[in-house]
Every structure is written in C-alpha cells, then in structure tokens.
Amino acid sequence: MVNLKSNVPEGNLAEKWTNHKFNMKLVNPANKRKFDIIVVGSGLAGASAAATFGELGYKVKIFTFHDSPRRAHSIAAQGGINAAKNYPNDGDSIYRLFHDTIKGGDYRSREANTYRLAELSNNIIDQCVAQGVPFAREYGGTLSNRSFGGAQVSRTFYARGETGQQLLLGAYGSLNRQTKAGNVKIFPRREMLDLVLVDGKAKGIIVRNLLTGELERHAAQAVILASGGYVNVYYLSTNAMNSNATAAWRAHKRGALFANPCYTQIHPTCLPVHGESQSKLVLMSESLRNDARIWVPKKVGDTRDPKDIPENERDYYLERKYPAFGNLVPRDVASRNAKYVCDEGRGVNGGKAVYLDFNDAFSRICKEGIKDKYGNLFDMYQNITGVNPYEVPMQIYPAPHYGMGGLWVDYNLMSNIPGFFVIGEANFSDHGANRLGASALMQGLADGYFVIPYTIGNYFGTEKPEKVSTDRKEFQEAEENVNNSVSKLIAINGNQTVDSIHKKLGHLLIDKVGMSRSEKGLNEAIKEIRELRDEFWHDVKVVGTGEELNQTLERAGRVADFLELGELMAVDALNRNESCGAHFREEYQTEEGEAIRNDEDYKYVAAWEYKKAGEWELNKENLEFEFVKLATRSYK
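Residues numbered from 1 in each chain as written. Predicted model: local features only at pLDDT ≥ 70, side-chain atom pairs only at ≥ 80, totals over all residues. Heavy atoms only, no water.

S.K.: Which residues make up the nonpolar core, and what values do they have?
M.R.: Core analysis: the largest hydrophobic core is formed by 152 residues, its most contacted members being Phe 53, Ile 81 and Phe 420. Per-element tally for this core: the top contributor is helix H15 (residues 551–575), with 12 residues. Contact partners of Phe 53, with chain neighbours within four places excluded, come to Ile 37, Val 39, Tyr 58, Val 60, Ile 224, Ile 452, Pro 453 and Ile 456. Counting 34 residues, the second largest nonpolar core, distinct from the first, contains Phe 325, Val 329, Phe 362 and Ile 370. (Core = buried A, V, L, I, M, F, W, Y, C linked by side-chain atoms within 4.5 Å. Buried < 20%, exposed > 50% of the residue type's maximum accessible area, 1.4 Å probe, protein only. Helix = DSSP H or I, 4+ residues; strand = E, 2+ residues; numbered from the N terminus. Contact = heavy atoms within 4.5 Å.)

Listed below in structure tokens is the structure:
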C-alpha cells in the first residue's frame, strides 16, 4: 500500500494557501537559472506553467504533439471561465464559488484544493485581461458575466463562444516572449512515451519525434504533466481526435497512482451522433442554456415538426423537475434526464435527441440580441447540421466530454512520485465526481499561473535535486522499453484496424460505463474489455515502421493504453457502491431517479496502483470536510 499524504496545511480554510506560500521554501532568482523543468502538454495548464516558469528564470522544455502549442485542445472550450468577482452584484463570493464547486462534485473532492481554486479565480481574470484576452464587455466597459449550470449567480467570463481559444492565445503570447528570451524551448510533434525515474524520482522523459520516428531522451530536475484528459477512451467524444491518455498512463505504469477513473463527465449539450463513420462529437456550449429552454414532446413517439407541437403538449422536463435551477442544473443531472426522456420514447431525431429551443429568447431579446451573444455557435450549428437554428430548435444529446479522474496529486500538485507534478485535467484534484461548467479553464490556469510556480520552488528548495545525464542506464532502459513496445505493435500484423477496435471499446464503455452503470453491466464490461484487449494484441494491423511518420502506430499505442484504462474505469465503478455526481449506479437511486451517495463507506479518493495489465491495488485517501456540511445534493 502507498502511504498517501495530501500535505494539506493546517489552519482556517481561507488562510491555508496564504500561510502555505509563506512557509514554503524559495529559490532565489540567480539559482532559478540552475534548474531545468520539463512540461508535457501545451494547453492552458501547460502553456501557462511554462510561460510562468520562464518569467521566473527557470530553464524550460515544453513538449506538444501538435505542430504548434496553439493547437492544444483548450481552444475548443467555448462557454467561459468562472471567477468570483461578483461584478453583477448578485451575491457571489469566493466561498459561494467554492461551495458550488464542492456541491457540484457531490462532495467527492478535496476541500482545501477546491477552496484554493475559488480563491485564485479572481487573479486569473486580472492576469488574462492584462494579456489582452478580449472578454465580452458591457456597454460601460465592464466585463460581462453569464450563468452556467450548478450556480444561481452569474460568474462566467467569456469571449463569445471561443473563450478557450482566446485564453490560450494569451498564454501562448507569454510563452513566445519566454521563447525569445531563451528561457523556454518548444518541442513540437513530440509524444511522451515513458517517464524516467532515477532513485525513485522523476528525472526525464522519452519522447518520439512524430515526423521522423526517432526516440529522444530529455532530462530535467522536475517533470510537469499537463497532457489533458482521457475521455477519448469512449472513441466518440467532444475531444479532438488526437486527445489521449498515453502520457498519463505511461506515468501510471511507472508508479504514479491513478485516482477516481470512473468519474467521467457526459456533457448534456452536444450534437447527436449522426452516422457510423463519425469520428468525434461536437460540443454546443453550456452557455446556450442561459437563454434556451430544453424540452421533448409529452407524448411517446410524437414525430411532428416542433412548431406544430403546442405548448401544452411539450415537457420542459428540467424546469418541471428542478424549478430552482431549471435548465441550469449541473451537467450530470441534465445528461441523465435527457437519457431518461429518450429511454421513455419521447426523444426526437429518431429518439436520440432533445430540443434546445430559443423561441422565447427571440421574443424577449430578439434574434439580433441572441446573435450578439451566441452568433458563432449558431453559425457552427448550421454549418454542421445544415439546419438554421434561428428558424428550427437545435437538437442536442449528451456526449463524453471531460475526465474528473486523473493522476493522484497532493496539495502541492505533486504525484506520489517525487519530482513528478500533474496539472490541469490530467490530475484528479478539484472537481470531485462532477465538474461544473466553466471550471476546466479555471483549474488549468490556476494550476499553471498561480500554484505550480510556488510548489515547484518549494520542491527545489527542499529536495535540491541534482541534474542527471541522459546517458544513465535508467534512460537507456526506458528507451529500450519504448522500442520494444513499438516493435511488438508492428509485429502483430493482424487483420483489424486500430480504429475498429477502438470503436468496439467505445461502444462497450458508453453502454456499460457511461451515463449509468450497474453491477451486472460492469462485470460484463471488465470481461469483454479483457477479451477485446487480447483481440487487439493478436489481430490488430499496424502498417509501416517505427522509423518514419506513422499515424497508425501513434493511434495503436494510444488505443493499447485505452484498453487498460477502460478496464480500470470499470473496476473503479464496480468498487464504488454508491451513486455520486457523474458516477450513477442504477442500484443506488431514489424512486425519482436521483443519486444516493454513501458517505459512510465511500467518502474517499480511490487511488489505484498499477501492478500489471488487468491488476491494480486500491489505495484510499479519506476526504475530510471540516468547513462544508455534507448534504444530499438538491437543485430543486
């Protein structure tokens, strides 16, 4: 068993981070130049961290499998970023943001980390405004806010429907500044395939040059993983096709614990699946739920045109069931209820969608007003579907979107491996069993700009890690390990494509480890995933060689990792005999279909230690709630 120490400081919740910063060791400016840092991933978390390290004087290498850091999947975030500025004067505060986030995660996140996230939220807005991020503004010049699910205040800052892109451009500008200054070096088209440990501490990585196939060794005194989430395990998701879990999974196989893998978010506001050949799903921002109303026909099998269905024959089911929050309930609640009405036979688009209707909003603020707020989202919907959403209600259905689980980290964002830090979506720390909308960007930037620069300094000041050479046997062995994996994949020479097996895995997971789970289904899933993994290693076809650009080989390695991760997701879900947030076990629900949480037995972080393929050991970090009262989550 691993001895898990969260390293949460003592004291009052509102003073923990301030006191901790004072008590941490510092590295003086001249000495910072002596430390090398590796950052894997160039999204908001990775780019903001690398830029900040560079500004502080550290020597940084940042790796991305894209041709440019600007292409990281953070650009796909649409709706906004939360902060407790309380500009609308509607009752928001740091504590309310903290409480909403803890409650939204169904009391399955670490209290101190979540409070720190809320506390730092205001700093993020100031930082991004200073970088020139073009947030929407009111007529008088003040920054605009809108609402997102799980909150009764307006706290979400946004740049139309492209907030993630604008925030990433701000971080990328800072990154370029440090690249020119010589403090940051960018390595594009590189994929991390192994973590190198020396005397039990993270000292470097092995990467593959995706253009040439060459393996490279890189050493540093600390490694930061900011490689994003893992929901592409479902095959169809809102993530970019190349988003994957390989960097995190290879670190897991080197000893980093994987926490709460069963907590995966199914986003309620996505375009429905439209064909067997589809390669990804499209997100429509949750911000649309501010002005749209969600409904289905009351009558089963009603196929009439929506304009022909009168008001008294429509079921605005979220407004009916959750009058306090209405269409702005959290994502897990909205997704499950969309599934319920579709399972009842009242869905549209062949039973696999619900309406997102702006008709009332058109009457209230006119179509031009809606166009000003959501114009690019409406254009995107029309370009993809061929349907004009100004004339016909949008159709939406839930889709895999975000992984609340991830590698385990302590309060300092360091994993159980010394010198190996994990930030952004790649870690588990802040969202519990369900992420509230507009909190992903907040966490990525809080980790990168304001947390990791302090905590990594404390690690350097405390441990004083030495530099190591890439000629060491540990680097040689790690490179041989990667070469053997590549050779093994190419040698299979079977008949099935990588994508065909990934698609089988995705169907299996969404059916049995998706929006709802059961003991029977999870046991079946574990058995079937093991069979599918055996099928993969005996019958997959990887063309080409490892000494060239080979996208089939890239995908094969990622799917091999997904086949192990998918099993762990099912194992974790089977172990947790309760319903909480996005983890909904059918055996644990009320008569109204609401989640029944079990705080007595499952108030812990499940941190899994890798033993071998298909075998893990469970470690538990008990969650303490000193400042929040545990309560049944209600949005009624």
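That was the structure; now back to the text.
S.K.: Any chance you could break down the layout of surface pockets for me, citing the residues and the numbers?
M.R.: In this structure, the second largest pocket spans a volume of roughly 700 Å³. When residues of the lining of the second largest pocket are traced back to their parent elements, those giving at least two are helix H9 (331–343), strand S15 (394–403) and helix H13 (498–512). In terms of residue count, H13 provides more of the lining of the second largest pocket than any other element does, 6 residues in total. By residue class, the composition of the lining of the second largest pocket is 14 nonpolar, 8 polar and 9 charged. (1 Å grid on protein atoms, 1.4 Å probe; cavity = no way out; pocket = protein on both sides within 12 Å on 5 of 7 lines; lining within 4 Å. Points joined across faces, edges and corners; volume = space filled by probe spheres on them. Nonpolar A, V, L, I, M, F, W, Y, C, P; charged D, E, K, R; others polar.)

S.K.: Which residues make up the pairing of strand S18 (residues 604–612), and what values do they have?
M.R.: The element S18 is largely enclosed, with a buried count of 7 among its 9 residues. In this structure, strand S10 (residues 258–259) lies alongside S18, joined through 2 bridges in antiparallel fashion. Of the residues in S18, the one forming a bridge with Ala 259 is Ala 607. Both S18 and strand S19 (residues 615–622) contribute to a ladder of 8 bridges, which runs antiparallel. Across the sheet, the residue bridging to Tyr 604 is Asn 622, located in S19. Hairpin connection, S18 to S19: the antiparallel pair is bridged by 2 residues, and Gly 614 has positive phi, about 85°. (Pairing = 2+ DSSP bridges.)

S.K.: Run through the sheet that holds strand S17 (residues 420–422), naming residues and quoting values.
M.R.: With parallel pairing, the 5 strands of this open sheet are ordered in space as S5-S2-S1-S9-S17. The strands lining the two open edges of the sheet, one partner per strand, are strand S5 (184–187) and S17. Pairs of neighbouring strands in the sheet enclose a mean axial angle of 20°, with direction left out of account. This element, helix H3 (residues 44–56), spans strand S1 (36–40), strand S2 (59–63), S5 and strand S9 (222–225) of the sheet and lies at about 160° to S2. (Axes fitted to C-alpha atoms, helices over the stretch in contact; angles between N-to-C directions.)

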